[in-house]
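Letter by letter, the chains look like this.
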Amino acid sequence: MSDLLRAPAEIKYAEELDWLESVDDGPKPFTWRLSPKMVRLFVLGSERSDGLDREIAPKWFGDRSFVERSIVTLASDRGLLLIGDPGTGKSWLAELLSAAICRNSTLVVQGTAGTTEDHIKYSWNVSMVIAKGQSRESMIPSPIMTAMEAGAIGRFEELTRSTSDVQDALISILSEKYISVPELDNGGGDNIVFAKPGFSVIATANSRDRGVNDLSSALKRRFNFVRIPVVTNKKSEAEIVRFRTEELLRRHQIELDVPPTLLDVLLQSFADLRTSAAAAGSDDEKLESALSTAEQIGVLEDAILHSNFFGERALTAHTLASSLVGSLARREPEDLAILNKYLHGVVEPRSREEGGSWPEFLEGGRDAIATLS
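Quantities reported herein were computed from a predicted structural model and do not represent experimental measurements.

Focus on the sheet that holds strand S1 (residues 79–84)
Strand pairs in the sheet, formed through backbone hydrogen bonds, run parallel or antiparallel to each other.
For step 1, the next point in the chain: An order of S2-S5-S8-S1-S9 is seen for the 5 strands of this open sheet, with the pairing classed as parallel. Each edge of the open sheet carries a strand with a single partner, namely strand S2 (108–110) and strand S9 (223–228). For this sheet, the mean angle separating the axes of adjacent strands, direction not counted, is 20°.
For step 2, the next point in the chain: Where strand S5 (residues 153–157) and strand S8 (residues 200–206) come together, 4 bridges link them in parallel fashion. Bridged to Arg-155 within S8 is Ile-202.
For step 3, the next point in the chain: Against the sheet, helix H4 (residues 64–74) engages S1, S5, S8 and S9, with an angle of about 165° to S9.
For step 4, the next point in the chain: Contacting S1, S5, S8 and S9, helix H5 (residues 90–102) crosses the sheet at an angle of about 170° to S5.

Okay, here's the thing in structure tokens:
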């Protein structure tokens, strides 16, 4: 695992999954590797009442009911659609569920404007077709077809970014549970690929992409929707940020202290900016950023790496503010003006009243804006 830039969940947590499988005596649907209760426990972490001999750390932080509804959906014959704002952990939840259920989270189709029907069905190895003709051996199955044949979970990221033709092809797969290969219609019976028990699809959709390629009512009926909200509870958000930060420090083998006071400053600044965005009268008065927890983690990651490589190996409020401005100022000069207004209207009065890390944070933000202006 150490030689992988980013190990998938089934590799990253392989030892934990092996252990959970060894002690799991619950009923398992289809070919599932873990029972639904153990899948939930793997995702959300263990509690004392679970009576396990070891602690299982939580890997996704959110409402328990979202995870349970997702698991129940995958145990049925319906697809699961995780929908929400960017950075709410939809893809991470999909990966964890796939890893726990079938130990393979890599059967993924990425939805884009360039995604074609071939990407969710099959294509051909041209050189083999020229040499031997069209056959099952010369066919290149898509990740979705591979999941069907294995009775596993196939993932479709950013479903609403794909065109209506691709979405229509997915309707057939979710309804009929097979893919027809007319090129192999030779009477040998190998021209249809049937899904095995356990096959399902987890799709994700960005709620901000509404209107890009809206889902048809027919496709919507094939999915159970689970809406993942933006985390606004400070305690939950702090847990997520702390969890991801600890992972970052371990991955980079960095020994650097993240003072709780600076984590509070980061959480409060994002809460302030979200409040400002909610009160804005138009999109021009909002940051282009979704101000998600994932972006908050990105700001902290940037600040930590900068402090480790170019600072005094200690995270400061000045560096944190500089990273925040650099990460969130995507439109110039609009975003810079919004951030400048925030610094003068909110951070400056707070610096005078509360002191602490805020004056240094204010200075760092001003310096960063001056550099980018």
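Observations concerning the side chain of Ser-269
For step 1, the next point in the chain: In this structure, Ser-269 sits in helix H12 (residues 260–279).
For step 2, the next point in the chain: Ser-269 sits in the buried class, given a relative accessible area of 0%.
For step 3, the next point in the chain: Of note is the side chain of Ser-269, whose polar atom sits 2.8 Å from the backbone oxygen of Leu-266.
For step 4, the next point in the chain: Non-local contacts of Ser-269, meaning those with residues more than four positions away in its chain, are made with Leu-324, Tyr-342, Trp-358 and Phe-361.

Description of a negative patch on the surface
For step 1, the next point in the chain: A cluster of acidic residues, Asp-283, Asp-284, Glu-285, Glu-288 and Glu-334, forms a negative patch on the protein surface.
For step 2, the next point in the chain: Residue position: Glu-334 is located in helix H15 (residues 334–354).
For step 3, the next point in the chain: Residue Glu-334 is classed as partly exposed on the basis of its relative accessible area, which comes to 36%.

Rules used in this analysis
- Residues numbered from 1 in each chain as written.
- Predicted model: local features only at pLDDT ≥ 70, side-chain atom pairs only at ≥ 80, totals over all residues.
- Heavy atoms only, no water.
- Pairing = 2+ DSSP bridges.
- Helix = DSSP H or I, 4+ residues; strand = E, 2+ residues; numbered from the N terminus.
- Axes fitted to C-alpha atoms, helices over the stretch in contact; angles between N-to-C directions.
- Contact = heavy atoms within 4.5 Å.
- Buried < 20%, exposed > 50% of the residue type's maximum accessible area, 1.4 Å probe, protein only.
- Polar contact = N/O pair within 3.5 Å; in protein donor to acceptor, adjacent residues only side chain to side chain.
- Patch = residues over 30% accessible without salt bridge, like charges linked within 9 Å, V, L, I, M, F, W, Y side chains within 5 Å.
- Areas by Shrake-Rupley, 256 points an atom, 1.4 Å probe, with all protein chains shown as cover.
- Salt bridge = Lys/Arg side-chain N within 4 Å of Asp/Glu carboxyl O.
- Lys, Arg positive; Asp, Glu negative; His and termini not counted.
- Charge placed at Lys NZ, Arg CZ, Asp CG, Glu CD.

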